[in-house]
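One-letter residues, chain by chain:
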Amino acid sequence: MKSYFFILVFILSLTTSCKSEKKAELPTATVELPLHNKRVLILGNSITQHGHYVDFIEYYIRKQYTDNQLDIISIGLSGETISGTSEDGRDYPRPNVRARLNNALAEIKPDVVIACYGMNDGNYHPLDSLRFQEYKTGISELKTKVEGIGAQLILMTPTIFDPNPIAERVSKDGEKHEYWHPYYKYNDVLEAYANWLLSIETDDLQVVDLHHPLDSLLDDVKRIKSDSTFIPDGVHPNKIGHLYMAQTILKDFYPTISIENPVTEIAFLKTDSLYNLVCKRRELRSEGWRNYVGYTKNGETIKWDSISPTKMEVDKLDLAIDKLLNQ
């Protein structure tokens, strides 16, 4: 079944690759580099903590634009919300990014903040007006604080929920809803959150839509084979899903970058020295800055006293990456 799914992804990706190649024909001189020569902070939940989409983004940008400075720090935290809401019955409330936001902005001093929230904010329940309002309040507070330090905020819509792989443990209307028994139509909730984010986009507030492109792609996959997915646990994209996320984000930020089909790309990247160094650097830097900024989760507070050891290790990886890019 796994190999059959890869074939389906390969067929679907041919169209994506062709579209990307056409964009890559644009003259390089006309292309803006929105994430270069800036400090970029990425906030999010477990999908961002897993970080594969961040790895892909950084790898492809570094590979194409070798002479420009790229400074991305992602500090995603598993289980986190921006709404401050949690499911009933949890031993501890979900972590709330607003509790660590001031520290993150003060310590990292970003020029650009990219945030992806929503998956946990609906608490895996049907759409609820109070939860939805808390989500809107959280986004508003994030916007105010980011703009207050003179940084640019870029929001990303939540990714998608696929109930099919976990059909035996989803909950229906009238049943108890929680993370381990999510509402079977939870993707409709995420769509409502995504649509609201898109509705508040302005010239000064960019919104990258992940939800609808991924939803459309998943529909295409299921039309070919109904039990196929790139969200194997219903919530977290696998590496192919993360590569689709990266494609969507790069299409907005760096449309000249062409990514080939996920199957061949992921197989190639496993043996690519630059990619492996970029992943190692991102993981090390993410953990160091996440712990230095500090957070509280499951009743435990994590707060490192110094970021210096992380910086020293990152500097070593930077030298190795520069050597590969300039050889």
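What counts, and where the lines are drawn
- Residues numbered from 1 in each chain as written.
- Predicted model: local features only at pLDDT ≥ 70, side-chain atom pairs only at ≥ 80, totals over all residues.
- Heavy atoms only, no water.
- Helix = DSSP H or I, 4+ residues; strand = E, 2+ residues; numbered from the N terminus.
- Rg over C-alpha atoms; globule rule 2.2 N^0.38 Å.
- Buried < 20%, exposed > 50% of the residue type's maximum accessible area, 1.4 Å probe, protein only.
- Areas by Shrake-Rupley, 256 points an atom, 1.4 Å probe, with all protein chains shown as cover.
- Lys, Arg positive; Asp, Glu negative; His and termini not counted.
- Charge placed at Lys NZ, Arg CZ, Asp CG, Glu CD.
- Salt bridge = Lys/Arg side-chain N within 4 Å of Asp/Glu carboxyl O.
- Expected span 1.5 Å × (residues − 1).
- Arc of directions from axis to C-beta.
- Contact = heavy atoms within 4.5 Å.
- 1 Å grid on protein atoms, 1.4 Å probe; cavity = no way out; pocket = protein on both sides within 12 Å on 5 of 7 lines; lining within 4 Å.
- Points joined across faces, edges and corners; volume = space filled by probe spheres on them.
- Nonpolar A, V, L, I, M, F, W, Y, C, P; charged D, E, K, R; others polar.
- Disulfide = S-S within 2.5 Å.

Visitor: What should I look at first to understand the overall build of the chain in this one?
Guide: Along the backbone of the chain there are 11 helices and 7 strands. Against the 2.2 N^0.38 benchmark of 20 Å for 327 residues, the chain shows a C-alpha radius of gyration of 20 Å, consistent with a compact globule. Over its C-alpha atoms, taken along the principal directions, the chain stretches across nearly 60 × 50 × 35 Å. Classification of the 327 residues of the chain by burial places 52% in the buried group. On the chain, roughly 14,900 Å² of surface is accessible, and the fraction owed to carbon and sulfur atoms is 50%. When the 37 positive and 46 negative side-chain charges of the chain are each reduced to one mean point, those points stand 3 Å apart.

Visitor: Got a minute to help me understand the pattern of salt bridges in this structure?
Guide: Tallying each qualifying case throughout the model produces 17 salt bridges. Each member of the salt-bridge network shares a partner with another, and the members are Glu 58, Arg 62, Arg 281 and Asp 318.

Visitor: Hey, could you run me through helix α11 (residues 308-325) in this one?
Guide: An α-helix turns once per 3.6 residues; consequently, residues spaced three or four apart project the same way. Across its 18 residues, α11 extends 25 Å between first and last C-alpha, which sits within 8% of the 26 Å expected from 1.5 Å per residue. Along α11, the residues classified as buried are Thr 310, Val 314, Leu 317, Ile 321 and Leu 325. Angularly, the buried residues of α11 cover 85° about the axis, an arc narrow enough to put them on a single face. Facing away from the buried side of α11, by more than 90 degrees, are the exposed residues Met 312, Lys 316, Leu 319 and Lys 323. On the buried face of α11, the contacting elements are α3 (52-64) and α10 (273-293).

Visitor: Before we go on, may I ask you to explain the side chain of Ser 74 in this structure?
Guide: By secondary structure assignment, the location of Ser 74 is in strand β2 (residues 71-74). You can call Ser 74 buried: its relative accessible area is 2%. Apart from the residues within four sequence positions on either side, Ser 74 is in contact with Ile 42, Thr 48, Val 54, Arg 282 and Ser 286.

Visitor: Which parts of the structure should I look at to understand the layout of surface pockets?
Guide: The rolling of a water-molecule-sized probe over the atoms marks out the regions of remaining empty space. Of the pockets and cavities examined, the second largest pocket occupies roughly 300 Å³. As for the second largest pocket, its lining consists of 19 residues, of which Glu 87, Arg 90, Arg 94, Tyr 179 and Trp 180 are closest to the centre. Here the lining of the second largest pocket is built from residues that sort into 5 nonpolar, 8 polar and 6 charged.

Visitor: It is not clear to me how the state of the cysteines should be interpreted in this structure. Could you clarify?
Guide: Within the structure shown, the criterion is met by 0 disulfides. With no disulfide of its own, Cys 279 lies 19 Å from the sulfur of Cys 116, the closest cysteine sulfur. Looking at Cys 279, the relative accessible area reads 9%, which means it is buried.

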